[in-house]
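Close look at the chain arrangement
So you can see what is in the structure, the chains are spelled out below.
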Amino acid sequence: MGKMTRRALIGGGLVAGAGVAYGAYWLRKRPAAAPLGFEVSDEERAAAIALLDKYPAIDSHAHPGRTFARDASGLAPLLKVYKAQSGFEQRTVSDMRGGHLTAACFAAVSDFNVLNLAKGKGLEAQRAFNEGEAWESYKVQIGNLKRLAKNGLVTEMLAPDQLADLRPSKSPGAIWTVEGGDFLEGSVERVREAYEDGVRSVTLVHYRTNDLADAMTNAPVHGGLTSEGDAIVQEMNRLGMVIDLSHMAEAGAFRALELSTRPVMFTHTHISSAHSYHPRFISLELARAAAEAGGIIGAWPAGIEVSDLAGFADRILQLIDMVGIDHVCLGTDMDGNYKPVFDDYRRLPDLVALLRRKGMSEQDLAAFLGGNFMRVWSANQNHS
């Protein structure tokens, strides 16, 4: 794929103004693999696998098999392509095993039912939710996710200390998360119900500006967190749920950082600069504020100004240079990204091999691959 620009791709999902191409892309049985951009020797790959077997690797944001689209209703025509190609969790979990990935966050998508492709813009809400629709959609999605564990495909992870028992298992770990706080409808009681369902992180805003905060790809309405957003942040802190600020407009994100007593995540993004801008990237000021509060930034392999896995490796190193090795993790958006340059977990050893070649130490790789995520999750646990 050629170099992607901000006009060509709008965050994590769709080509702006190119719905036909988007639909054709996802309707393929499996899109063509993204190029590596480098070669890995047998010795390098073996060393990378040994490192992955020594240290847990965890994906902070993913949609393995697009479970979020299974049984979805009320979709716009272009979004139906997701439903048509959902339910391939077994294939992606097999890739997780093949790539020596220990666990991943399996994300429901709270606003999926109401999204559509807006010409020249990308994803946005096409309509309001019907009464009770957001909560009903959430319950369908979380039920489908939990069945993956019930059927033995994955191992449900409800607490960080389960990791020690997980690694020898043939069943990768699954941490339930929700992208978009729309299903909460501003209710702290709903947060508690989600926690009881096993949800351990919520991305407060997705592509729809909701009653908590503004989405970063929309014109501002709230200008920060709402009073409901403040209450949700405090309740998530109390329960021990990790707050994900990806997709949130910066005024709200700064307010959440000010309010939260626990470290937060931006699970899938990059940092804007004079040479690299995209509506889904965050400012260096915000990224450093999150890092100073102990948080993490997920390196995101969307095909925005990078065209192969080598470009993604460079992006990871850029993030490390800007916020420090203790504040960068892996956030692939697997099976929910448009033309990602990391599109198959089986390529994780190749990525690790290249990062080692570029000078990352074993200690730094252990932090990036899973250590930083586990530190933040552990720091959010309710120890009272």
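Residues numbered from 1 in each chain as written. Predicted model: local features only at pLDDT ≥ 70, side-chain atom pairs only at ≥ 80, totals over all residues. Heavy atoms only, no water.

**A few points about helix α13 (residues 362-379)**
Using the following cut-off: Fitting one axis to the seven residues ending at a residue and another to the seven starting there, the bend at that residue is the angle between the two axes. A helix here means a DSSP run of H or I that spans at least four residues, while a strand means a run of E at least two residues long, and both kinds are numbered starting from the N terminus. Residue burial is assigned from relative accessible area. The probe radius is 1.4 Å, only protein chains are included, and a residue is buried under 20% of its type maximum, exposed over 50%, and partly exposed in between.
The sharpest bend along α13 comes to roughly 55°, located at F368. The complete set of buried residues in α13 reads L365, A366, A367, F368, L369, G370, N372, F373, M374, V376 and W377.

**With respect to the packing of helix α9 (residues 250-259) against helix α10 (residues 284-292)**
Keep this limit in mind: Fitted lines through C-alpha atoms give the axes, limited to the stretch in contact for helices. The angle between two N-to-C directions lies from 0 to 180 degrees. Any angle from 65 to 115 degrees is called roughly perpendicular, while one under 35 is roughly parallel, one over 145 is roughly antiparallel, and all others are oblique. Helix crossings fall into two classes, left-handed where the near helix is turned counterclockwise from the far one by less than a right angle and right-handed where it is turned clockwise. Only heavy atoms enter the contact rule, under which two residues are in contact if any of them lie within 4.5 Å. Under the grouping applied here, Gly and all other residues not named as nonpolar or charged are polar, the nonpolar ones being Ala, Val, Leu, Ile, Met, Phe, Trp, Tyr, Cys and Pro and the charged ones Asp, Glu, Lys and Arg.
At a closest axis distance of 10 Å, the pairing of α9 and α10 adopts a crossing angle of 15°. Comparing their axes, α10 and α9 come out roughly parallel. The element α9 and its partner α10 pack so that their crossing is left-handed. For the pair α9 and α10, contact is made by E250, A253, F254 and L257 and by E285, L286, A289 and A290, respectively. A per-class count over the contact of α9 with α10 returns 6 nonpolar, no polar and 2 charged.

**Observations concerning the environment of R280**
Selection criterion: For this analysis, a polar contact is any N or O atom pair within 3.5 Å, provided that within protein one partner can donate a hydrogen and the other can accept it, and provided that sequence-adjacent residues contribute only side-chain to side-chain pairs.
With respect to the helices, strands and loops of the structure, R280 is situated in the loop between β9 (265-269) and α10. The exposure class of R280 is buried, given its relative accessible area of 0%. Expressed as a C-alpha distance, the spacing of R280 and H247, which sit 33 residues apart in the sequence, is 6.7 Å. Among the polar contacts listed, one links the side chain of R280 to the backbone oxygen of H268, at a separation of 2.5 Å.

**Observations regarding the side chain of D182**
When you line up the elements, D182 lands in the loop between β6 (173-179) and α7 (188-197). A polar atom in the side chain of D182 sits 2.6 Å from the side chain of R208. Once you skip the residues sitting within four places of it in the chain, D182 turns out to touch S110, D111, F129, A134, R208 and N210.

**A word on the pairing of strand β7 (residues 199-203)**
The side chains of a regular strand alternate, first on one face of the sheet and then on the other. Short version of the rule: Pairing between strands requires that DSSP locate at least two bridges from one strand to the other. The definition of a right-handed crossover adopted here requires that, viewed with the strands pointing away, the path from the first strand over the helix to the second runs clockwise.
With 5 of 5 residues buried, β7 is to be regarded as a mostly interior element. For β6 and β7, the ladder comprises 4 bridges, and the chain directions are parallel. Bridged to E179 within β7 is T203. Crossover connection from β6 via α7 to parallel β7: handedness right-handed. In the sheet, β7 pairs with strand β8 (residues 242-244) via 3 bridges, with the strands oriented parallel. Paired with T203 across the strands is D244, a residue of β8. Following the backbone out of β7, through helix α8 (residues 227-239) and into the adjacent parallel β8, one traces a crossover that is right-handed.

**Quick notes on the packing of aromatic side chains**
Our working definition: A pair of Phe, Tyr and Trp rings is counted when the ring centres sit within 6.5 Å of each other, with Trp represented by its six-membered ring. The angle between the planes then sorts it: under 30 degrees is stacked, over 60 is edge-to-face, the rest tilted. Remark: a charge is flagged as sitting over a ring if the NZ atom of Lys or the CZ atom of Arg is within 6 Å of the ring centre and within 35 degrees of the ring normal.
Here the structure, examined in full by the defined rule, presents 10 aromatic pairs. Residues Y82 and F112 carry aromatic rings whose centres are separated by 5.8 Å and whose planes lie at 85° to one another, so their mutual orientation is edge-to-face. Residue Y82 is located in helix α3 (residues 80-84), and its partner F112 is located in the loop between β2 (103-109) and β3 (115-118); the two are separated by 30 residues in the primary sequence. In terms of burial, Y82 and F112 fall into one category: buried. Here W135 and F183 contribute two aromatic rings whose centre-to-centre distance is 6.2 Å and whose plane-to-plane angle is 10°, an arrangement assigned as stacked. You can see W135 sitting in helix α5 (residues 133-150) and its partner F183 sitting in the loop between β6 and α7, a full 48 residues away along the chain. Residues W135 and F183 agree in their burial class; the two are buried. Ring pairs connect the aromatic residues F68, Y82 and F112, which therefore count as one cluster. The ring of F88 has R91 sitting right over it, with the charged end atom 4.2 Å from the ring centre. In this arrangement the basic side chain of R200 is found over the ring face of Y195, its NZ or CZ atom lying 3.8 Å from the centre.

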